[in-house]
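Structure at a glance
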Amino acid sequence: MSTVRTTPTGRIHSWDLSTGVDGPGTRFVLFLSGCPLRCLYCANPDTWHMRDGREATVDEVMKEIGKYRAFVTTAGGGVTLTGGEALLQPAFTAAVLRRCKEAGLHTALDTSGFLGARATDELLADTDLVLLDIKSFDIGTYRKLTGGRLAPTLSFATRLDRLGIPMWIRYVLVPGWTDDPGSVDALARFVAELGSVERVDILPFHKLGAAKYEALGIPFPLRDAPVPDQALIDSVRERFRERGVPAY
């Protein structure tokens, strides 16, 4: 008896084009719906719930990507899957990545790594780059900041390194939360041991998503938190560079 294979559908929030922040070159960025974490600084609370997205097939997504293929490839870019959390929908994410690779497109996966165990080796084989968000290297701070556990992310990072998959580490710098020198140094030591890490991006905390919280009728937890000044940003970058890790 033959088995009929079906292509999974997914729930997507939106898509956008970006340059320089979601992987190399100009990217078609697909935002998937749903996220298991509740980061206090999250700029996209409208992507938290699966119900807030719309159902889409892989064919529909690829048709949309196709409209911009020449533009993103000419600019040395590709396709980035993000969210929400793309690994909350691993079958759909894997199917889109596979189709993108078949189309000759560079692929990137932006993830917190919290659900890294859901990424099969086949999914990762179709991923050219992982943008790994490490929210904090302190276990207690990570729990308070995200509501989740740090261990799955670190385990995923070591697995990616073992598989030789290039990584860009992303670290959101929030004064009073993620600027502790000891914690930053510990993360820098960890990252320096991962041979497939190409760079670390220090992302200054901002409040651009505050209006979304207001529209959704929910409080923005870090509304009164300060944004980092340039001196703090530079000092954190330097702590990574001292370990031989390119930091931007």
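Look up a bit, the structure's there.
Residues numbered from 1 in each chain as written. Predicted model: local features only at pLDDT ≥ 70, side-chain atom pairs only at ≥ 80, totals over all residues. Heavy atoms only, no water.

1. Overview of the overall build of the protein chain
Looking only at helices and strands, the protein chain features nine helices and eight strands. Computed over the C-alpha atoms, the radius of gyration of the protein chain is 18 Å, within 12% of the 18 Å expected from 2.2 N^0.38 for a compact globule of 248 residues. The dimensions of the protein chain, computed from C-alpha atoms along their principal axes, are 60 × 45 × 40 Å. Per-residue burial for the protein chain yields a buried fraction of 50% across its 248 residues. Across the protein chain, contacts joining residues at least 24 apart in sequence account for 71% of those joining residues at least 6 apart. (Helix = DSSP H or I, 4+ residues; strand = E, 2+ residues; numbered from the N terminus. Rg over C-alpha atoms; globule rule 2.2 N^0.38 Å. Buried < 20%, exposed > 50% of the residue type's maximum accessible area, 1.4 Å probe, protein only. Contact = heavy atoms within 4.5 Å.)

2. Points about the sheet that holds strand E1 (residues 9–19)
The eight strands are arranged E3-E1-E2-E4-E5-E6-E7-E8 in an open sheet whose pairing can be described as mixed. The strands lining the two open edges of the sheet, one partner per strand, are strand E3 (54–57) and strand E8 (197–204). Neighbour-to-neighbour, the strand axes of this sheet turn through a mean angle of 30°, independent of strand direction. When strand E7 (residues 167–173) meets E8, the two strands line up parallel, connected through seven bridges. For methionine 167, the partnering residue across the bridge sits in E8 and is valine 197. (Pairing = 2+ DSSP bridges. Axes fitted to C-alpha atoms, helices over the stretch in contact; angles between N-to-C directions.)

3. Things to note about the packing of helix H1 (residues 58–67) against helix H3 (residues 90–102)
Axis separation between H1 and H3 bottoms out at 10 Å; the angle between their running directions is 45°. Viewed along their axes, H1 and H3 adopt a mutual orientation that is oblique. For the pair H1 and H3, the crossing hand works out as right-handed. The segment H1 lies against H3, with Val58, Asp59, Val61, Met62 and Ile65 engaging Phe92, Ala95, Val96, Arg99 and Cys100. Each residue belonging to the contact of H1 with H3 can be placed in one class, and the counts come to eight nonpolar, no polar and two charged. (Parallel < 35°, antiparallel > 145°, perpendicular 65-115°, else oblique. Left-handed = near helix turned anticlockwise from the far one by under 90°. Nonpolar A, V, L, I, M, F, W, Y, C, P; charged D, E, K, R; others polar.)

4. Points about the environment of proline 166
Note on placement: proline 166 falls in the loop between helix H6 (151–163) and E7. Residue classification places proline 166 among the partly exposed positions, given a relative accessible area of 23%. Along the chain, proline 166 and proline 8 lie 158 residues apart, while their C-alpha atoms are 27 Å from each other. Aside from chain neighbours lying at most four places away, what touches proline 166 is Asp128, Leu129, Val130, Ser196 and Glu198.

5. Looking at the packing of aromatic side chains
Summed over all chains, the structure comprises seven aromatic pairs. Ring centres 5.2 Å apart and planes at 15° place the aromatic pair tryptophan 15 and phenylalanine 28 in the stacked group. Taken together, the positions of tryptophan 15 in strand E1 and phenylalanine 28 in strand E2 (residues 26–32) put the pair 13 residues apart, joining distant regions of the chain. Look at phenylalanine 28 and you get buried, because its relative accessible area is 2%. Taking the centre distance of 5.5 Å and the plane angle of 40° together, the rings of phenylalanine 137 and phenylalanine 190 count as tilted. Taken together, the residues phenylalanine 137 in the loop between strand E6 (129–133) and helix H5 (139–146) and phenylalanine 190 in helix H7 (residues 181–192) connect sequence positions 53 residues apart. Phenylalanine 137 sits in the partly exposed class, given a relative accessible area of 21%. Taken together, the aromatic side chains of Trp15, Phe28 and Tyr68 make up a single cluster linked through ring pairs. (Phe/Tyr/Trp six-rings, centres within 6.5 Å; stacked < 30°, edge-to-face > 60°.)

6. Describing the nonpolar core
One finds Leu81, Met167 and Phe240 to be the most contacted residues of the largest nonpolar core, which totals 69 residues. With residues up to four places along the chain from it excluded, the contact list for phenylalanine 240 reads Val184, Leu187, Ala188, Val200, Ile202, Val245 and Ala247. (Core = buried A, V, L, I, M, F, W, Y, C linked by side-chain atoms within 4.5 Å.)

7. Some words on the packing of H7 against helix H9 (residues 230–241)
Orientation of H7 relative to H9, taken along the N-to-C sense of each, is 35°, at an axis distance of 9 Å. Our pair here, H7 against H9, has a crossing hand that is right-handed. When H7 is examined against H9, the residues Pro181, Val184, Asp185, Leu187 and Ala188 are found in contact with a partner set consisting of Val236, Arg239 and Phe240. Of the residues assigned to the contact of H7 with H9, the class counts are six nonpolar, no polar and two charged.

None of the figures reported here should be taken as evidence of function without further support.
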